[in-house]
Amino acid sequence: MTQLRSGDAELMQELGEFPDDDLDVDLVDRECRTIRHSVPDEGVELDPHVRDCVNGYTQPWLVVSRRCQGDGWSVYSEKSGFLKLLQKQVFETDVEPEKQEQPVKSPSLAVLCDDDSTQSTVTSSDFDLRGLQPDPRLDSLLRFSNPEDLDRFNMEARHGNRHPELFSLYPPPDEEDIVEIRPIPECPKEHMGHRILVRCQSFKFEIEIEPLFVTMALYDLKEKKKISENFHCDLNSEKMKDFLSSHTPHIDSSTQSKAAIFSISYPSPDIYLVIKIEKVLQQGEIGECAEPYLGMKESDSGKNKDKLEKLRNQAEGFCQRLGQYRMPFAFATVNIASVITTATLERDMADSDSLNGRSSLEKKAYLPRRNSERFSMMEDQFNLSSSKPSTITIQTFFKQEGERLGDEDLFKFLADSKRTSNIQRRSKTISGCLKLEVTPSPESVMPCLSPELIPIKPASEKSTRLIKEVLEFPSNDVYVPHSIYRNLLYVYPQKLNVSSRGNIRNITVKIQFMNTEDPSGALPVIFGRSSGPEFVSEIYTPITYHNRSPDFYEEVKIRLPARLTEKHHLLFSFYHISCQQKQNQSGSVETLVGYSWLPILNNERLQIGQHCLPIAVERLPVNYSMHSPEKMPTQIPPMKWMDSHKGLFSLEVQSVSSVHIQDSHLERFFTLCHALEGKPTFPIRVRDEKLTENKLEHELKLSIISLSSSALEPLVHFLHLVLDKLFRLIMQPMVIAGQTANLAQIAFESVVSVVNSLHTSQELAKDHQGRNCLLATYLYYVFRLPDTPFELLNTGTGPLSQESRYSTMGRATATAVGTMLLQSRIRSSSNPDIPAPQSPEDAEVKNILAGKGLNQPGCRMSTILDVTSHSQSGSTRPSNRKQFHEELALQMVVSTGVCRENVYKYCWFFFELLVKSMAQHVSQMEKQAVPRKSRFSDRFKDDITTIVNVVTAEIGTILVKQQKELDQAEKVNISLAFFVYDLMSLMDRGFVFNLVKNYCNQMSAKSVTMSTLISMRLEFLRVLCSHEHYLNLSLYFSNPTSAPNSPCPSITSQTSSSCSLQDQRIVAMFDLSQEFKQQHYLTGLLLTELSAALDMESEGGKVQRKAINATYSLLCAHDLDNRCSRSDVRTKIAALYLPLVGIIIDSINYLDFTVSEQRGGKGKSNGQEEDFESVTPINQSVAMAIAGNPFNTLARNALVSMASMSGKIGSTLTAETSRNLLVCFLWIMKNADQNLVQRWVVDMPSSQLSRLLELLTICVSCFEYRGKQSSDKVSTQALQKSQQAKARLEEALLGGMGARGEMMKRVGGNDRTMGQRENLRWRKDLTQWRQTNDRQDKSKAELDQEAIISGNLATEANLIVLDLLEVIVQAVPLSDCKDNAVGGVLRVLLHSLICNQSTTYLSHCFSTIRALIVKYGDVLFEEEAEQCADLCQKVLHYCNSCVDGNRSQACATLYLIMRYSYSSASNFSRVKMQVTMSLASLVGKSSDVHEEYLRRSFRTILAYAEEDTEMQSTQLPSQVDELLRNLNSILSDTVKMKEFQEDPEMLMDLMYRIAKGYQTSPDLRLTWLQNMAEKHNGKNCFTESAMCLVHAAALVAEYLSMLEDHKYLPVGSVTFQNISPNVLEESAVSDDILSPDEDGVCSGRYFTENGLVGLLEQAAELFSQGGLYEAVNEVYKIIIPILEAHRDVRKLSTTHDNLKRAFDNIVLKGHKRMFGTYFRVAFFGSKFGDLDEREFIYKEPGITHLPEISHRLENFYSKCLGDGVLEMIKDSTPVDRNKLNPNKAYIQITYVEPYFDDYEMKDRMTNFEKNFNLRRFMYTTPFTKSGRPRGELYEQYKRKTILTTSHAFPYIKTRINVIQKEEFDLTPIEVAIEDMQKKTRELAIATHKEKPDPKMLQMVLQGSVTATVNQGPLEVAQVFLNEIPADPKLYRHHNKLRLCFKEFILRCGEAVEKNKSLIAADQKEYQQELKKNYNKLRENLRPMLERKIPELYKPIVKPRFENRDSIKRHSFRRAQEESS
């Protein structure tokens, strides 16, 4: 014990206890896109709100993390490197055997062509094995004399080069189950839409005479909105720029930009880029100015040179004089969608990467647009970012029209142009050329400026042309909180009307932003246009010539000062510009017309929106800016207004600002908060009202309450600030009017309602745990403890000094400040008598004690004035020392009503808030070294307990009452789990464990369905167990002080240290015992849940899946955890999970994984087809274990209800879940202490052992290698996927930013905080485990990589099983059930050989098998004969392997089997027989027998025999030699079979011949019959397959009847003749040939009564599949007596079920059953070899037409014989050999029908009988004496040919040769008789059907009576009955025909009557027509029918006949009368 303890202590040291430095509270600098933060100008004192905003946008994030968190998980992503180092495992299925034979020219017919065909194949006689070179031998085969050395040698070999981590080869857990991953929210950043980069490359019109200016912006036609600001661009040549040099004092580089990045948040096909062209103002209308551009071209310079020169000079003059004024000129529009899409389409064509042939555009176009996806920026119409650059050339410009300049007109124009493609408009077009390059913008573009003109990172050094980001005005709301300081104002002058003033015509408006009324007060804050200064202080609008009410379209962008005052205003000056210089005037070109202005603030709020201002005509009075022009008070002297103070100038003002709030509720709230924070002077002004001090509290409360009614968009924009303010209010009671106002409760309720409204909004995204993404982001990055007054008052420098509380990234801690702050923090929060702290620890302890004393509700809300605080400084607030987490917990506990409901509904938010504030608190405590237990007050702990209990109760209530809300309950449950998980790192762990215990108990008390309950608890535990110190919590409690108190008082942590092996029975370690649960608390809980889950029923096994995946992901985490990589650590961990092994072994009962046994060599079925059968009800021991559960995790009542469930509890695991459970088992077995396992096996009862072995068999199947999955099919297109398109796809997936999005984003980023949780969804892109549907995206390399990994997984899993089998075998001598165990182990090994295995595994597996033979050979050969037969077969299969290693292992094993069986004669002969049969079976069934490999293997075995010195003195070598010679001869058959691989009939003939050859060796004949059955089955010839098995059964019956004479057994093959007379050929096996006692003969498993029953049952099943249900009955007649004798009631029951099903089918299918179709096939021509002149009957499936079989044979034999050799004979006339071409081959195919004599027809009544046991077939050939096949009625003869086959159909093959042929001819009258009989039969059948079919009836009738056709019957009568024949021989025929006609007419009458009863009203006429035709026919026939041949009628017959006739006639007459 002590020893162990010390070992543990070392491990403990190494793995660390709970590291104290667990928490990191870090300040992380926020990433800034620009090279510096956007902030207001220095030196301005900001108002508090702006200051708060700016701080909020620039302060670093505060991120709380735990250092080891995610250790176990991050590894998945690191694994990708190691995966590259895996060695490739060789699997035979992946190896292409090298082709040694020449390619077969289809199947060769060579064998058939030579006459001595039998000699042409290689036979054993002339193939000498010794001539071959043997493979290298295994040197270790006979090296070891004693088994121990051998075992040791094998073990070392097995353990070399093994893979340490099983889970790194295994796919990561299923995504939907991963609850333990909290996605890290995305870092807050500026919103950006899809970015498009537009580069202006060149611009010119046909002539270049003046400078032109380009402005572009985006417009959304659908929303009728301008969606971007203007981008100004100057593309003039230097020469043109010079024209304006006098007006541009200097040019800033930013204004020379020629490229812009536009952003589109809501893409739509209606977005247009509008390009406006302006020019310098000149005299004349726009139209006049455009004239030169319409008529002239630069290219005609000869003609127009002078004109152009003149124009240029003119322009230069205007530029110098009017250079600063512009006029509108032209515009052009481009539909963004069309540009991007055509580019996309072209690229799609080029790269052919569009999936399934559709362009990415189309795919997008059909996505539904759902409201909630607006946030995720759905690209519903087109794919904005996967296109490549497209260059647009715009050649058509529309001339602007003076009356149509406004936005309204522009939208109208766009709508028109969209409707009509070619715009037949009044506007003139100017041709020019503007080249733009449009591309989706890359992530970073160099060099780039933000809309505020701050350079964006990475900034470039070189002064290259800048790119500007153009600010977007999104067309819909964007819900992203502001994250940068932006403060812009946009002014849009719209219309001016001065038509009353006659002399004012060319009007411009000068716009200035003033901060005083002095003209010098114009601030340079207006963004300049192109090629000029960045900022200007005034700007002029373009001028429309001679227009008195001009429209404007100018946009003026202004950078608002951070601090606005009453004085700030916009000043508008209106000027008339004289374009023409008058002679006598040299003065200014401007004439002032008037002024107007707009104050920026109105009641301290930004004035935005539409305004219509009056215009003052004179100078403005002093202080004008204090008022708005509309409400200007009267002045003295009075002001002069234009048009008597009417509003004449309309404009719009908009702001894009992250400081000015446009929502009244928010604005009011902030104003009041700031009023309280500062030193307010009352009354406070809010908008239009003034508040006095006594009203303040009420107003503040109102404003807090109404916060949640503010609009969503502004609320989201200012979310961080709002929450910060509310949290500060929760913490700080205000002194208002001398009273302390406690706003905590109201503020808390407001927080709750904000949280609620964000969650309920449809527009906002949530992650997969239902957390609102915005709130999650706020908590993770932004939230910090609210500042307390002490800090606020002491820090003049703003918020920065508070940061020293946390370690910054550089860990530079300002210790001094830190201690001061902490001193101030640790004030008593509950006892005013405790003064400032003596020493922090004392204080905290006393604090806690005090807290305990005063824990009455009265003391809860403590707002105690702090003695040492600075309250003297005049602040209105008392300083108190509440802790935020305490206050928050308190508010949660005391909340009521709706607020309480929402708190618990969205508890994740409050939990994470608590945790983050506690973490900040703890990080301060840690600096004080406060012990863990004293970090939090007891009062707080009570609150936490209450909260956890309430939330648990809440979950329970939802589960019981509102089933609909299950989803909600799950989310709350997971949130609670994460809360407890976080508390483990913050609080005392004993306390936390008690919370867990309470949770479990409380949950159990709920009366909820078991599955829901377990599922809830599982997810809860799963989260807890993912804690980074889970192992320390569960495992190594060596140091009692640090161990959490186990919540069970009975066992102290002292005893829960590891217990030694000696003092516990080993077996108990593998059980989930009481003791275990108390020592390993969490693990115990988890395994209890797993065990309960496996024992219960659940819909679709969901709970089981959850339970298994929880355990699985936990083990996975350990396996990949770097802290656990040492083997001794792993052994400890495995020991912790040993009870899981017990649980898994028990679960086998419940989960019947039946492993499918029937697997052919390569045709593997899909491994995972475990069909699970139902299970027994919950077993008592498990029930007791659950009931005795110390934590009462399962309520008793639940148990009772489970146990009483009716009958069985069916439980099924899907294949994937089973694999997950089994991989856990394998992991434990791999890492557990092997001695321990061995001792466990020794003590194991045999029933348990057999279950363990069954479990291992299942493991082998589950982890079988599936082969390279179609790696070659990877489309080349998929390989060409561009990165960009991939990113695009991700973007679409990530749209909603659910968990998956978070994860993938993080995968991309490599931020440090991100790295801590790389666990997320384990980078599925790095590991091979993509989901299957990604197949088309995978490259060949990826698929190969996958194959390597799955190959290694299969190998490792099988090796673990092998290790365990070895442990079991080595434990055998010590245990009682020796024989049982050896057989069981061999069974598992054999099963593993069936599966697809790697060479590595096979070599170890064969070693183990050989060791088994060496050690327990006798037991195996004696007791396990059947298994040995299997073993021989498997080993032979590997002797045929194309992989040399596998072959050499198999040869060694086979030789060893012979050598060790040689010691007993009976064993050896049995082994020889088994090997021979195995080879026959292999050769017959397997299509890929490589005889060269097999022969080489035989040679190798021979070499072993020759080199085995010990055995040379014995007969063994010669015996081996003889055996191998036999095997070699069997092999020769294969060579033949290979040649007929393509010709099924020939192949079956050959197999038939081979089987016949083994008539003397029953075992081999049986084997070949089974081979034939397999082949037939593969071709769906079920009947033939069944017949093969019936023959095999007859063979067995013959043998059994020789052995013993039981009444119930069949008497040899005679008994089978009811099934088929063919079976009698099996009776050839008689006594003289075979003595059943001879050793090794008939020793197979089939030569037993059970074997016989098995064969027959299989046959019955196949007959049933083939539709021969009657035969099923015959087969069961033989089976039933045997089953009765065996008293096998269960089988009898299923037998009768099957019989019932067979008879039901006969009844059900009736006449609809389809049997075979038969054809005669005759071969002619020497080319066919021994087929020449042979005739066969071929049996084909039900409805096979002649062309089908003809086509098949023609195709096949053409391939064999070459082109142009084969001819098909189309008719069935006899073939004359002499007329055939000897160089050709001929095939004649004729349809034949089964033929029966009349006496046979009596017995063959049913359809089945007429199609079963057929030996005679008939076909007819028409002919005439003249030699033509057909002629007139009187000369038409017919020949009937009857063929007899050698066996009856159905037989064991589908073609049987014809052995006899008879022919007879019919005279014309006999032909007529046959025809009439057939017609009459058809009529009778159609009339007398049970349910007559009118259509069918009418068809037959028409063919008989209708006039057009009645030529038929009538003509026959006229030819043959018109006169009595001259030849007396024909009398009888004549009479027979006459009687046929009589019956025919009778039947026609019946049919006509029948039809009458069936027809509808609309067929009345048709019926009358039929009747008329019938009467006519009858009349025409009557004379002929009444004329008798007197010679034939002697008087005796006459009276009877007439009598009968008259009756008939009479009845006819009656019928007629009735019908008339």
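Just so we're clear, the structure is a prediction, and the values are computed from it rather than from any experiment.

## Thoughts on the overall build of the protein chain
Summing up its helical and strand segments, the protein chain has 66 helices and 38 strands in all. By residue count, 57% of the 2020 residues in the protein chain fall in the buried class. Expressed as a percentage of contacts within the protein chain between residues at least 6 apart in sequence, the contacts between residues at least 24 apart total 78%.

## Points about helix α2 (residues 48-58)
Within the span of α2, buried status applies to His49, Val50, Asp52, Cys53, Val54 and Tyr57. Lining the buried residues of α2 we find α13 (664-677) and α16 (719-731).

## Regarding the state of the cysteines
In this structure the tally under the stated criterion is zero disulfides. With no disulfide partner, Cys1588 has as its closest neighbouring cysteine sulfur the one in Cys1581, 9.9 Å distant.

## Some points on the sheet that holds strand β16 (residues 507-514)
Judged by pairing direction, the sheet is antiparallel, and its four strands sit side by side in the order β19-β16-β21-β22 without closing on themselves. Taken across any chain shown, the strands that pair with only one partner, and hence form the sheet edges, are β19 (538-540) and β22 (590-599). Strand-to-strand twist of the sheet, defined as the mean angle between neighbouring strand axes without regard to direction, takes the value 20 degrees. Sheet topology note: the β16/strand β21 (residues 569-577) ladder contains eight bridges and is antiparallel. For Gln512, the partnering residue across the bridge sits in β21 and is Leu571.

## Quick look at the confidence of the model for the protein chain
Looking at the protein chain, pLDDT values average 76 and 76% of them are 70 or higher. In this model residues 1-7 is a low-confidence stretch, pLDDT under 50, and it forms eight contacts with partners more than four residues away in sequence or in other chains. Low pLDDT, under 50, characterises residues 343-382; the predicted model gives this stretch 84 contacts beyond four residues in sequence or across chains.

## Section: empty space enclosed by the protein
Estimated volume of the second largest cavity: approximately 260 Å³. Forming the boundary of the second largest cavity are 21 residues, of which Asn230, His232, Phe527, Gly528 and Lys557 lie nearest the centre. Among the elements of the structure, β6 (231-233), β14 (467-469) and β20 (556-559) are those that each provide at least two residues to the lining of the second largest cavity. In terms of residue class, the lining of the second largest cavity is made up of eight nonpolar, five polar and eight charged.

## Observations concerning a nonpolar patch on the surface
On the surface, Leu1833, Tyr1834 and Val1919 cluster together into a nonpolar patch covering about 270 Å² of accessible area. Secondary-structure assignment places Val1919 in helix α63 (residues 1911-1921).

## Here's the deal with the packing of helix α25 (residues 938-961) against helix α27 (residues 989-1004)
In the contact formed by α25 and α27, the axes pass within 10 Å of each other and the chain directions differ by 25 degrees. By the angle class used here, α25 and α27 are roughly parallel. Taken as a pair, α25 and α27 cross one another with a handedness that is right-handed. In this structure, α25 uses Lys941, Ile944, Thr945, Val948, Asn949, Thr952, Ala953, Ile955 and Leu959 to contact α27, whose residues at the interface are Phe991, Leu995, Asn998, Tyr999, Gln1002 and Met1003.

## Thoughts on the packing of aromatic side chains
The final tally for this structure, using the stated rule, is 57 aromatic pairs. Ring centres 5.6 Å apart and planes at 25 degrees place the aromatic pair Phe1823 and Tyr1837 in the stacked group. Taken together, the positions of Phe1823 in strand β36 (residues 1814-1823) and Tyr1837 in strand β37 (residues 1837-1849) put the pair 14 residues apart, joining distant regions of the chain. Looking at Phe1823, the relative accessible area reads 17%, which means it is buried. Chaining the aromatic ring pairs together yields one cluster made of Phe1723, Phe1728, Phe1736, Tyr1738, Phe1756 and Tyr1757. Taking NZ or CZ as reference, Lys279 lies 5.1 Å from the ring centre of Phe329, over its face. Lying over the aromatic face of Phe1736, Arg1855 brings its terminal NZ or CZ to 4.4 Å of the ring centre.

## As for the packing of helix α61 (residues 1868-1888) against helix α62 (residues 1894-1905)
One can describe the packing of α61 onto α62 by two numbers: an axis separation of 9 Å at closest approach and a directional angle of 150 degrees. Overall, the two elements α61 and α62 adopt an arrangement that is roughly antiparallel. Every pair of crossing elements has a handedness; the one defined by α61 and α62 is left-handed. Two secondary-structure elements touch here, α61 through Lys1879, Glu1882, Leu1883, Ala1886 and Thr1887 and α62 through Leu1897, Val1900, Gly1903 and Ser1904. Split into classes, the residues belonging to the contact of α61 with α62 amount to four nonpolar, three polar and two charged.

## Examining the pairing of β37
Burial of β37 is extensive: twelve of the 13 residues sit out of reach of the surface. Note that β36 and β37 share nine bridges and pair antiparallel. Of the residues in β37, the one forming a bridge with Thr1821 is Arg1839. The sheet contact formed by β37 and strand β38 (residues 1855-1866) spans eight bridges and is antiparallel. Considered in β38, the bridge of Lys1838 is made with Leu1866. Counted between consecutive antiparallel strands, the loop separating β37 from β38 contains five residues.

## A short note on the side chain of Thr1111
The residue Thr1111 is located in helix α33 (residues 1102-1120) in this model. Here the side chain of Thr1111 touches Ala1107 through a polar contact of 2.9 Å, landing on its backbone oxygen. Dropping the residues within four chain positions of it, Thr1111 is found in contact with Leu1086, Leu1087, Leu1090, Leu1140 and Cys1224.

## Let's talk about the environment of Gln1474
Secondary-structure assignment places Gln1474 in helix α50 (residues 1465-1485). Between the alpha carbons of Gln1474 and Cys1432 there is a distance of 6.6 Å; along the sequence they are 42 residues apart. Discounting residues that sit within four places of it in the chain, Gln1474 has contacts with Ala1425, Cys1428, Ala1429 and Cys1432.

## Remarks on the pairing of β21
Burial analysis of β21 places nine of its nine residues in the buried class, the great majority of the element. A two-sided burial pattern is seen for β21, the buried positions comprising His569, Leu571, Ser573, Tyr575 and Ile577 on one face and Leu570, Phe572, Phe574 and His576 on the other. Bridge count between β21 and β22: nine bridges; the pairing is antiparallel. By the bridge assignment, Phe574 is partnered in β22 with Gly594.

## Examining unusual backbone geometry
Among all residues save glycine, negative phi is the norm, and among peptide bonds the norm is trans. Residue Pro1850 follows Phe1849 across a cis peptide bond; omega there is -10 degrees. For Pro1850, the position within the fold is in the loop between β37 and β38. Positive phi, close to 50 degrees, is recorded for His546, a residue that is not glycine. Within the element layout of this structure, His546 appears in the loop between β19 and β20. A relative accessible area of 36% places His546 in the partly exposed class.

## A short note on helix α40 (residues 1246-1262)
For α40, which comprises 17 residues, the first-to-last C-alpha distance of 24 Å matches the rise-based estimate of 24 Å (1.5 Å per residue) to within 8%. Counting buried positions along α40 yields 13 of 17 residues, so the element is predominantly enclosed.

## Remarks on a negative patch on the surface
Taken together, the side chains of Glu285, Glu288, Glu291 and Glu403 present a region of like negative charge at the surface. Position of Glu291 relative to the elements: it lies in helix α8 (residues 286-295). We classify Glu291 as partly exposed; its relative accessible area is 44%.

Conventions and cut-offs
- Residues numbered from 1 in each chain as written.
- Predicted model: local features only at pLDDT ≥ 70, side-chain atom pairs only at ≥ 80, totals over all residues.
- Heavy atoms only, no water.
- Helix = DSSP H or I, 4+ residues; strand = E, 2+ residues; numbered from the N terminus.
- Buried < 20%, exposed > 50% of the residue type's maximum accessible area, 1.4 Å probe, protein only.
- Contact = heavy atoms within 4.5 Å.
- Disulfide = S-S within 2.5 Å.
- Pairing = 2+ DSSP bridges.
- Axes fitted to C-alpha atoms, helices over the stretch in contact; angles between N-to-C directions.
- pLDDT = per-residue confidence, 0-100.
- 1 Å grid on protein atoms, 1.4 Å probe; cavity = no way out; pocket = protein on both sides within 12 Å on 5 of 7 lines; lining within 4 Å.
- Points joined across faces, edges and corners; volume = space filled by probe spheres on them.
- Nonpolar A, V, L, I, M, F, W, Y, C, P; charged D, E, K, R; others polar.
- Patch = residues over 30% accessible without salt bridge, like charges linked within 9 Å, V, L, I, M, F, W, Y side chains within 5 Å.
- Areas by Shrake-Rupley, 256 points an atom, 1.4 Å probe, with all protein chains shown as cover.
- Salt bridge = Lys/Arg side-chain N within 4 Å of Asp/Glu carboxyl O.
- Parallel < 35°, antiparallel > 145°, perpendicular 65-115°, else oblique.
- Left-handed = near helix turned anticlockwise from the far one by under 90°.
- Phe/Tyr/Trp six-rings, centres within 6.5 Å; stacked < 30°, edge-to-face > 60°.
- Lys NZ or Arg CZ within 6 Å of the ring centre and 35° of its normal.
- Polar contact = N/O pair within 3.5 Å; in protein donor to acceptor, adjacent residues only side chain to side chain.
- Expected span 1.5 Å × (residues − 1).
- Lys, Arg positive; Asp, Glu negative; His and termini not counted.
- Charge placed at Lys NZ, Arg CZ, Asp CG, Glu CD.

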